[in-house]
There are 2 protein chains.
Amino acid sequence: MSRLLRVPAGERIDLGRFDPAAIPAGPADKATGRAATARLAGQLGSLQERLYAASTAGDRRRVLLVLQGMDTSGKGGTVKHVIGLFNPSGCRIRAFKAPTPEELEHPFLWRVTKALPQPGEIGIFDRSHYEDVLIARVRELVPRGLLGRRYSEINRFEESLADDGVTVVKVFLHIGYEEQRARLLERLDNPDKHWKFNAGDIEERALWPAYQRAYELALERCSTDAAPWFIVPADRKWYRNWAISTLLLEHLEAIGPRYPEGDFDVEECRRRLLAT
Amino acid sequence: MSRLLRVPAGERIDLGRFDPAAIPAGPADKATGRAATARLAGQLGSLQERLYAASTAGDRRRVLLVLQGMDTSGKGGTVKHVIGLFNPSGCRIRAFKAPTPEELEHPFLWRVTKALPQPGEIGIFDRSHYEDVLIARVRELVPRGLLGRRYSEINRFEESLADDGVTVVKVFLHIGYEEQRARLLERLDNPDKHWKFNAGDIEERALWPAYQRAYELALERCSTDAAPWFIVPADRKWYRNWAISTLLLEHLEAIGPRYPEGDFDVEECRRRLLAT
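Residues numbered from 1 in each chain as written. Chains lettered and ligands numbered in written order. Predicted model: local features only at pLDDT ≥ 70, side-chain atom pairs only at ≥ 80, totals over all residues. Heavy atoms only, no water.

J.: Help me understand the overall build of chain A in this model?
T.: When its secondary structure is counted, chain A shows twelve helices and five strands. Taking 276 residues into account, the globule formula puts the C-alpha radius of gyration at 19 Å, and chain A, at 20 Å, falls close to it. Each of the three principal axes of chain A carries a C-alpha extent, and together these read 75 × 45 × 40 Å. Split into buried and exposed, the 276 residues of chain A put 53% on the buried side. Taking the intrachain contacts of chain A between residues at least 6 apart in sequence as the baseline, contacts between residues at least 24 apart amount to 81%. On chain A, roughly 12,400 Å² of surface is accessible, and the fraction owed to carbon and sulfur atoms is 49%. When the 41 basic and 39 acidic side-chain charges of chain A are each reduced to a single mean position, those positions are 2 Å apart. (Helix = DSSP H or I, 4+ residues; strand = E, 2+ residues; numbered from the N terminus. Rg over C-alpha atoms; globule rule 2.2 N^0.38 Å. Buried < 20%, exposed > 50% of the residue type's maximum accessible area, 1.4 Å probe, protein only. Contact = heavy atoms within 4.5 Å. Areas by Shrake-Rupley, 256 points an atom, 1.4 Å probe, with all protein chains shown as cover. Lys, Arg positive; Asp, Glu negative; His and termini not counted. Charge placed at Lys NZ, Arg CZ, Asp CG, Glu CD.)

J.: How do you make sense of the relation of the copies chain B and chain A when you look at a structure like this?
T.: The two chain copies are connected by a rotation around an axis plus a translation along it. When chain B is fitted to chain A, the best match, at an RMSD of 0.0 Å, comes from turning it 180 degrees and sliding it 0.0 Å along the axis. The symmetry that links the two subunits is that of a two-fold axis. The residues that chain B uses at the interface reappear at the interface of chain A in 100% of cases, marking a shared surface. (Least-squares fit on C-alpha atoms with pLDDT ≥ 70 in both.)

J.: Whenever I open this one, the pattern of salt bridges confuses me. Can you help?
T.: Where charged atoms from two side chains of opposite charge come close, those side chains can pair. Applying the stated criterion across every chain yields a total of 44 salt bridges over all chains. Across the pair E203(B) and R272(A) runs a salt bridge whose closest N-O atoms are separated by 3.1 Å. Here E203(B) is found in helix α9 (residues 200-206), whereas its partner R272(A) is found in helix α12 (residues 266-274) on a different chain. Under the relative-accessibility criterion, R272(A) is labelled partly exposed at 29%. Here E121(B) makes a salt bridge to R92(B), at a shortest N to O gap of 2.6 Å. (Salt bridge = Lys/Arg side-chain N within 4 Å of Asp/Glu carboxyl O.)

J.: Is there a simple way to think about the interface of chain B and chain A in this case?
T.: Accessible area lost when the parts come together is the quantity often used to give the size of an interface. Each partner contributes to the interface: chain B provides 38 residues, whereas chain A provides 38 residues. Counting each side, the surface lost to burial between chain B and chain A is near 3,800 Å², with a carbon and sulfur contribution of 69%. Considering only the surface of chain B that becomes buried against chain A, W195(B), L273(B) and T276(B) emerge as the three largest contributors, covering 19% of it. One can count four salt bridges joining chain B with chain A. One salt bridge in this structure joins R270(A) and D189(B), with 2.1 Å as the shortest N-O distance. On the surface where chain B and chain A come into contact, there are eight residue pairs in polar contact (both at pLDDT 80 or more). For the side of chain B that touches chain A, the elements supplying multiple residues, two or more each, are α2 (30-55), α3 (75-81), α8 (177-189), α9 and α12 (266-274) of chain B. (Buried area = accessible area lost by both parts, 1.4 Å probe. Polar contact = N/O pair within 3.5 Å; in protein donor to acceptor, adjacent residues only side chain to side chain.)

J.: Whenever I open this one, the layout of surface pockets confuses me. Can you help?
T.: Which parts of space are left empty comes out when a probe the size of a water molecule is rolled across the atoms. Residue and element names in this part refer to chain B. Of the volumes computed, that of the second largest pocket is approximately 190 Å³. Along the wall of the second largest pocket there are 16 residues; nearest its centre are L4, L5, R6, F18 and I231. At the level of elements, α1 (2-5) and β5 (229-233) are the ones that each hand at least two residues to the lining of the second largest pocket. A class-by-class count of the residues in the lining of the second largest pocket yields ten nonpolar, one polar and five charged. (1 Å grid on protein atoms, 1.4 Å probe; cavity = no way out; pocket = protein on both sides within 12 Å on 5 of 7 lines; lining within 4 Å. Points joined across faces, edges and corners; volume = space filled by probe spheres on them. Nonpolar A, V, L, I, M, F, W, Y, C, P; charged D, E, K, R; others polar.)

J.: Where do I start with the sheet that holds strand β3 (residues 122-126) of chain A in this structure?
T.: Sheets are built from strands paired through backbone hydrogen bonds, the pairs being either parallel or antiparallel. Residues and elements named next belong to chain A. The sheet built from five strands is open, its strands ordered β2-β3-β1-β4-β5 with parallel pairing. Edge positions in the sheet fall to β2 (91-95) and β5 (229-233), since each has one partner strand and no second. Mean inter-strand twist for the sheet, computed between neighbouring axes without regard to direction, equals 20 degrees. As defined by bridge partners, strand β1 (residues 62-69) adjoins β3 across five bridges and the pair is classed as parallel. (Pairing = 2+ DSSP bridges. Axes fitted to C-alpha atoms, helices over the stretch in contact; angles between N-to-C directions.)

J.: I tried to follow the side chain of S73(B) on my own but got confused; where do I start?
T.: Residues and elements named next belong to chain B. Residue position: S73 is located in the loop between β1 (62-69) and α3. Residue S73 is classed as buried on the basis of its relative accessible area, which comes to 0%. A distance of 2.7 Å separates a polar side-chain atom of S73 from the backbone oxygen of M70. If sequence neighbours within four positions are ignored, S73 has contacts with L173, I175, R183, A234 and R240.

J.: Hey, could you run me through the sheet that holds β5(B) in this one?
T.: All names here are of chain B. Read across the open sheet, the five strands follow the order β2-β3-β1-β4-β5; overall the sheet is parallel. The two strands at the open ends of the sheet, each matched to only one other strand, are β2 (91-95) and β5. Between one strand axis and the next, the sheet turns through 20 degrees on average, direction left out of account.

J.: Before we go on, may I ask you to explain the nonpolar core in this structure?
T.: Within soluble globular proteins, side chains that are nonpolar generally end up buried alongside one another. Grouped together as the largest cluster of nonpolar side chains are 73 residues, with contacts concentrated most on L65(A), I83(A), Y130(A), V171(A), I244(A) and L248(A). Sort the elements by how many residues they give to this core and helix α11 (residues 237-255) of chain A lands first, with ten residues. Here I244(A) is in contact with L65(A), L67(A), T78(A), V82(A), V171(A), L173(A) and V232(A), once residues within four sequence places are set aside. Judged by nonpolar contacts, the second largest core, of 69 residues, contains L161(B), W229(B), A234(B) and L248(B). (Core = buried A, V, L, I, M, F, W, Y, C linked by side-chain atoms within 4.5 Å.)

J.: Even after reading the chapter, I still don't get the packing of aromatic side chains, so can you show me in this structure?
T.: Describing an aromatic ring pair means giving the distance of the ring centres and the angle of the ring planes. All told, the structure shown has 16 aromatic pairs over all chains when counted by the stated rule. Considering the side-chain rings of F197(A) and F264(B), the 4.9 Å spacing of their centres and the 50 degrees angle between planes classify their relative orientation as tilted. Of this pair, F197(A) sits in the loop between α8 (177-189) and α9 (200-206) while F264(B) sits in the loop between α11 (237-255) and α12, which puts the two residues in different chains. Like F197(A), the residue F264(B) is buried in the burial classification. Ring pairs connect the aromatic residues W238(A), Y239(A) and W242(A), which therefore count as one cluster. The lysine or arginine in question, R221(B), covers the ring of Y151(B), its NZ or CZ lying 4.7 Å from the ring centre. (Phe/Tyr/Trp six-rings, centres within 6.5 Å; stacked < 30°, edge-to-face > 60°. Lys NZ or Arg CZ within 6 Å of the ring centre and 35° of its normal.)

J.: So what exactly am I meant to see when it comes to the packing of α8(A) against α12(B) here?
T.: Any two packed helices are characterised by the angle at which their axes cross and by the distance between the axes. Contact pair α8(A) / α12(B): the axes reach a minimum separation of 10 Å and the direction vectors enclose 170 degrees. As judged from the angle between their axes, α8(A) and α12(B) are roughly antiparallel. Residue-level contacts link R181(A), L184(A), L185(A), L188(A) and D189(A) of α8(A) to V266(B), C269(B), R270(B), L273(B) and L274(B) of α12(B). The class makeup of the residues in the contact of α8(A) with α12(B) is seven nonpolar, no polar and three charged. (Parallel < 35°, antiparallel > 145°, perpendicular 65-115°, else oblique.)

J.: Explanation requested: α8(B) in the structure shown.
T.: Residues three or four positions apart in an α-helix share a direction because the helix packs 3.6 residues into each turn. For α8(B), with 13 residues, the first-to-last C-alpha span of 19 Å sits near the 18 Å given by 1.5 Å per residue. Buried residues of α8(B): Q180(B), R181(B), R183(B), L184(B), L185(B), R187(B) and L188(B), and no others. Against the buried residues of α8(B) lie α12 of chain A together with α9, α10 (208-222) and α11 of chain B. (Expected span 1.5 Å × (residues − 1).)

J.: Can you help me understand the pairing of β5(B) in this one?
T.: Each regular strand displays side chains that alternate between the two surfaces of the sheet. Residues and elements named next belong to chain B. Counting buried residues in β5 gives five out of five residues, a clear majority hidden from the surface. Here β5 shows no split at all, with W229, I231 and P233 on one side and F230 and V232 on the other all buried. Judged from the five bridges that link them, strand β4 (residues 166-174) and β5 form a sheet pairing that is parallel. Directly across from K170, in β5, lies its bridge partner W229.

Here's what the structure looks like:
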């Protein structure tokens, strides 16, 4: 899966050539896909436990899943359905909104640095420092020159994370223009979903081509060996969940965390315990 | 369930009279219990979503689950199996270890205050400020006079939380002396569990009666109307999971969170959206 979805470093990207409803590999329909995702829970949980256990003996390795995508692309749904497969105690989830006044006073990487997973954890960013080259570009929130430098700042930052044992998995949730309309309408048509809707979403949607271009640039300039981007077709929620679960599984397997050995005398401890 | 397990304010507690393997209500065997717990996921998730949705419209209400209990009593297992039923994005989990030098420089409530759930969230403390009247009492980490004042400080603190919209649910995971030995032996006998074991656990176990007494005092002095304690029989893991899930369900139902109304013109938004 990783190889199929990965954006090769330096490659030019035309998102129009990626079908957001594609099923590039794996289960072919919803029922099979859901069952396959549910079946991954055991392996994911077991690898996560090993990762955490290893950290108690000094292993600094951890995972950071970065989720980006247009409104309604399913960032929240991914957290619910994919991260929901893991033990919540080892997950550190952070949703980034518009920066606060305090955050704006700092370099743009400041707030993400504070939210990084600790060794042994699986960190999840629902939006991230990429907003600073996405909405910041589309809405011209910073001068062009400053914006241009951010891509290499991001690459250096992510390389330093990789050097510190962080496996960075960056996922672009790719949905189609029609699908977004359908999902926004669904929110409008269901009063229980009104809290998820905000009128500004329609204005953002009007900037669709500019956002797609901003994503293309981020994918082109920031898919590195240290921290590659993956394009996940996200029109089908069940497929998105299966694909991201599988991506995480493959990365956890590549880490290959192992339970640490105890630093105590098992036999002596057993004797002492049985005497109590 | 709440009424059955709740420690009445001011009541004297003799933990020896509570059977840690009891099944005071609900499913009577493991298979039924597990299925019943799994069936609660839908309701729990739905109430959690309403709670979170309400917070986006200014509702400050939230839940704080405090988990306390002897080593191996299942605090971690509760997070995995009970909190695992919720959407992880709305859960704020904090495990408290021995205080750091920085934490020791502050009043004992400082570190818990920083870890409180935000409005709309479900907070989980794996250990808590109660350690400051438990291990602190048993190990005589502070002078007796200071210790004695902590109970009323805790009560005032928790009352202020309740005033601010926090539903505090404090759970004592009650396991038996024999059951703890069995669980420690299990960790010793399985190399994959050695990372969970530490030789100091045996020394803590030798202080069992002092810890039970410290728990009794905490339950007696800090079960208030604002923040009651619940004693959950925890020798049977499946029962513990069902009981705590049910406690959370009852408290969430009592909060009765509701989806907020949208502050936009649905028809106008629909027209604008269909025009895109």
